[in-house]
Amino acid sequence: MEVLYEDNHLIAVNKNCHEIVQGDKTGDIPLSEKLKTYLKEKYAKPGNVFVGVIHRLDRPVTGVVIFAKTSKALTRMNEMFHNGDVKKTYWAIVKNCPPDREGTLAHWLVRNEKQNKSYAYNNEKPDSKKAILHYRLISHSHNYYLLEIDLQTGRHHQIRCQLAQIGCPIKGDLKYGAERSNPDGGISLHARTIAFVCPVSKEIKKIIANPPEDNLWKALTENAL
């Protein structure tokens, strides 16, 4: 487990594509429980250790995830996420070049619980939620394109769904139209940065997570604009 940042209130890790943030029906040990063990051993804490889940990443997605070490920090960070005071940047590798080098996507997303999938529409539909993101092409190879994405709303599978809607499914994302899976079973979507003003110290915090160590990520990020 790669710890990216830690203070008295928060701890951030670089999640891999096999990890889950909190427990689900698979029964696999989530990052929240792994962190409790890590903190208990690191600080020789007796009794239970508090680790609060602030936000989540889909299982096949990699990158930075922040957890709260105190209930006070959990409450404050939840408020900041809810109010849009936390800036999240993602990197995505796609097979097809987007229509413009830079643009804003706005769709209405409808979530299908049974399929665990969202569908994007250009017009408002019953039970839909508006989804907005800004993308920028920052690198490309002969076959792939690296997009930097500023997420302005936090909807279910938003980036995956919206990019697929414009003909740019994320590499490895079979659910949203990719031709084949990635060897590691993940998808090429990475939570690159999280930035916010610390609710306690009032300092600006920017936590950065390096993408997976494979040749394609390395080639594209080395040539990033």
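Notes on the structure follow.

Thresholds, definitions, all that
- Residues numbered from 1 in each chain as written.
- Predicted model: local features only at pLDDT ≥ 70, side-chain atom pairs only at ≥ 80, totals over all residues.
- Heavy atoms only, no water.
- 1 Å grid on protein atoms, 1.4 Å probe; cavity = no way out; pocket = protein on both sides within 12 Å on 5 of 7 lines; lining within 4 Å.
- Points joined across faces, edges and corners; volume = space filled by probe spheres on them.
- Helix = DSSP H or I, 4+ residues; strand = E, 2+ residues; numbered from the N terminus.
- Nonpolar A, V, L, I, M, F, W, Y, C, P; charged D, E, K, R; others polar.
- Salt bridge = Lys/Arg side-chain N within 4 Å of Asp/Glu carboxyl O.
- Buried < 20%, exposed > 50% of the residue type's maximum accessible area, 1.4 Å probe, protein only.

1. What about the layout of surface pockets?
To locate leftover empty space, one rolls a probe as large as a water molecule over the atoms.
Item 1. In this model, the largest pocket occupies a volume close to 1600 Å³.
Item 2. If you go around the largest pocket, you meet 43 residues; those closest to its centre are R56, D58, R155, H156 and H157.
Item 3. Secondary-structure elements contributing two or more residues to the lining of the largest pocket are helix 2 (71–82), strand 5 (87–94), strand 6 (102–112), strand 9 (145–151) and helix 3 (158–165).
Item 4. Considering only residue class, the lining of the largest pocket consists of 14 nonpolar, 14 polar and 15 charged.
Item 5. Around the second largest pocket, the lining residues are E2, N14, K15, N16, C17, T62, D184, H190, N210, P211, P212 and E213.

2. Observations concerning the pattern of salt bridges
Item 1. Applying the stated criterion to the full structure yields 11 salt bridges.
Item 2. E6 serves as the salt-bridge partner of K69, at 2.7 Å between the closest nitrogen and oxygen. Here K69 is found in the loop between strand 4 (62–68) and helix 2, whereas its partner E6 is found in strand 1 (residues 2–6), with 63 residues between them in sequence.
Item 3. Its salt-bridge partner being K34, residue E19 comes within 3.5 Å of it at the nearest N-O pair. Here the residue E19 occupies a position in the loop between strand 2 (10–15) and helix 1 (31–42), and K34 occupies one in helix 1, the gap between them amounting to 15 residues.
Item 4. A relative accessible area of 11% means that E19 is categorised as buried.
Item 5. Classification of K34 as partly exposed rests on a relative accessible area of 33%.

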